[in-house]
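Here are the chains, one letter per residue:
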Amino acid sequence: MRAMNETRSEASVGDLAIILYPMLFLLGLWGCLAIYNSTCYSEQPFHFAGRQFLWLMVGMLFLFLSSKLSFGFYKEAVFIIAILFYLPLIAVLAWGTQINGMNGWFSWDGIFFQPSEFAKAPFLLLLCWINSRVENEFKRFIALLGITAVWTIPVALQPDMGTSLVYFSAFLLVYWIGGGRIKYLFFSLVALVPVLVFFVIKNPYIFSRFYGFMDPMADPLGNGWHVMQFRYTLARGGFWGASWGKAVWANSYLPLAHSDSAFASLSESVGFAGAFPVIVGIMIICLAACRVADKARDNLRRTFIFCIPALFALQSLIHMSVNVTILPTTGITLPILSYGGSSLVSTMIAFGIFLPPQRLLKFLFHHSGNTFNIF
Amino acid sequence: MQSMDFLFKIRSRVVLCFLVLWSVAVSITLFHYTVSARGKYLEMGDKLAWKEGIIPSVRGRILDKNKKILAWTEKYFDLFLTGAGYIEIRRENEMMAELADIIVLEPIKINSKTMLLKKNLSPEEIILIDMIVSKYPEFKIIPRDERRTIDYSRVRSIIGTVKIEDNMMIGVNGLERTHNRLLSGSDGLYVVMLDKQGNWVRGTWKLLRKPKPGKDLILESNVEELRRQMP
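Residues numbered from 1 in each chain as written. Chains lettered and ligands numbered in written order. Predicted model: local features only at pLDDT ≥ 70, side-chain atom pairs only at ≥ 80, totals over all residues. Heavy atoms only, no water.

Turning to the pattern of salt bridges, a few remarks are in order. In the structure shown here, the tally under the stated rule is 18 salt bridges over all chains. Between R236 of chain A and E268 of chain A there is a salt bridge, with its nearest N and O atoms 3.3 Å apart. With R236 of chain A in helix α11 (residues 225-237) and E268 of chain A in helix α13 (residues 262-295), the pair connects residues that are 32 residues apart, well separated along the chain. Across the pair D216 of chain B and R61 of chain B runs a salt bridge, and its minimum N-O distance is 2.8 Å. Within this pair, whereas D216 of chain B is found in the loop between β10 (206-209) and β11 (217-218), its partner R61 of chain B is found in the loop between β1 (50-55) and β2 (62-63), the two being separated by 155 residues in sequence. For R61 of chain B, a relative accessible area of 32% translates into the label partly exposed. (Salt bridge = Lys/Arg side-chain N within 4 Å of Asp/Glu carboxyl O. Helix = DSSP H or I, 4+ residues; strand = E, 2+ residues; numbered from the N terminus. Buried < 20%, exposed > 50% of the residue type's maximum accessible area, 1.4 Å probe, protein only.)

Time to look at the pairing of strand β2 (residues 102-108) of chain A. Residues and elements named next belong to chain A. Inspection of the sheet shows strand β1 (residues 97-99) paired to β2 by two bridges, in the antiparallel sense. Looking at the pairing, I99 lines up with M102 of β2. Counting the residues in the hairpin turn of β1 and β2 gives two residues, including N100, whose phi is positive at 50°. (Pairing = 2+ DSSP bridges.)

This paragraph deals with the interface of chain B and chain A. The partner chain A presents 59 residues to the 44 residues of chain B that form the contact. The contact between chain B and chain A buries some 4,300 Å² in all, and 73% of this surface belongs to carbon and sulfur atoms. By the criterion of area lost to chain A, the three top residues of chain B are F8, R11 and L30 of chain B, representing 17% of everything that side buries. Along the contact surface separating chain B from chain A lie one salt bridge. Its salt-bridge partner being R13 of chain B, residue D294 of chain A comes within 2.3 Å of it at the nearest N-O pair. Applying the counting rule to chain B against chain A returns nine residue pairs in polar contact (both at pLDDT 80 or more). (Contact = heavy atoms within 4.5 Å. Buried area = accessible area lost by both parts, 1.4 Å probe. Polar contact = N/O pair within 3.5 Å; in protein donor to acceptor, adjacent residues only side chain to side chain.)

Okay, here's the thing in structure tokens:
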């Protein structure tokens, strides 16, 4: 019976691959087009889009390679993987390259490597592993919180507050899904308050960003500048978009149009009609993964299958909310669609860890009309 | 194990509901700005970015009866540094060094904020410094019309002089004044989108009204006769 359940679980995850592989690739292609559009008025319009396409191909390769290894391998090697990906987080503080005020990249011959992006999946795997292993409720909470602090502090010191927020969200997600107590979750949120206060005092620009977000019309050329630019960009897109190569506003006014403002930039080119499917696509990935996670017997695997797409959706929604101005500016990129090889490849690897390609290959090369059972 | 399965199902559904509701909120807001409130924000954005500009009409020439040109207009381009004294010293030094590598500067202080860096740029020089001017919006290339006359002082006093007011050339005395309307023509009008540095955005320039050049004034005497007319 147990063997039957495991086989059923394997089959379901395999079915998920049939949907997720093409969807991730399509999102990546959509991202390349958005990046081209947001930089088409620059001196080298294909520079960023071309590089992103190359990274997409590398990402697809890594998605395939990481999925070739069995989940059991990741389960056994979780500590080694965690240490291997944690050490660069420390090393980058000493030997990293600074970009946009953040000391978060290693550079090698024009190629930039962001360790905090690559560390996301190993960190989540470690959290899921601890969550499935430690029985005692309090010990589990302390262990998860401790590990989160150890991983988040070097990222916050870069300082990369957007990624730190994603790491902390991963902790909340794993602890909640793993059946954690609400009062401990509440305690961890309260414990976060002094950290936030310290951060706000140290970075007074956050106040002006917040005022600008609350009432952008009051100072459209000052504090409200970014919020107003997002709105003007979306308005220019309209329902059908300003068409490819004509996203004038994204090119001229949006801050970091190809990364932090990717969704607004995309909306200008393809309008509501082209941006809404991205939201739907991300939610479909999340819902499909949840459906499959339900069928997994192994607690670690189930939590991981659910948390990777959920975290992907969470980060995407934060980015999109900033771009449609329902959240203040945070500097979080849109996974897979925003420019950045590290983010793209690491997201693909994260999906690859639980997506075995066998069923996809069988579907592509020996499809005999069998139905597949995602929903 | 069964209770864990149940707890997982419940809690994962809570997370999913939260994410779905959030995505609905994002979609509604997206629809609001792209469709419902589009007109309002388009208008506000246009006010911020689109600027109108005047294309000065070319002033007509003054010719004698033999069609010899006595007065004509020439266009020159000057390079200015604007906002001088308000730019960070390190940045200003960097800007000036980059520029000085390409052209020879002859700086003249115009006022506390503006400095004329080079008068009468040649077309080759304009092409050379184009990248630097786009990179540093504090540098401005400003066109200037100059009225030239034939090199006979007696004839020059008959032709008269012009002054420039609001980018328009106006006759002050002599024939330039009496025939000002005929010589002036009418200015053209254009709109262009500016980026946040104040540079023109490629492909956004639109002509609203064509400039009409002034008409040439042909005199009934030749140069020698004009010279004799003067005491």
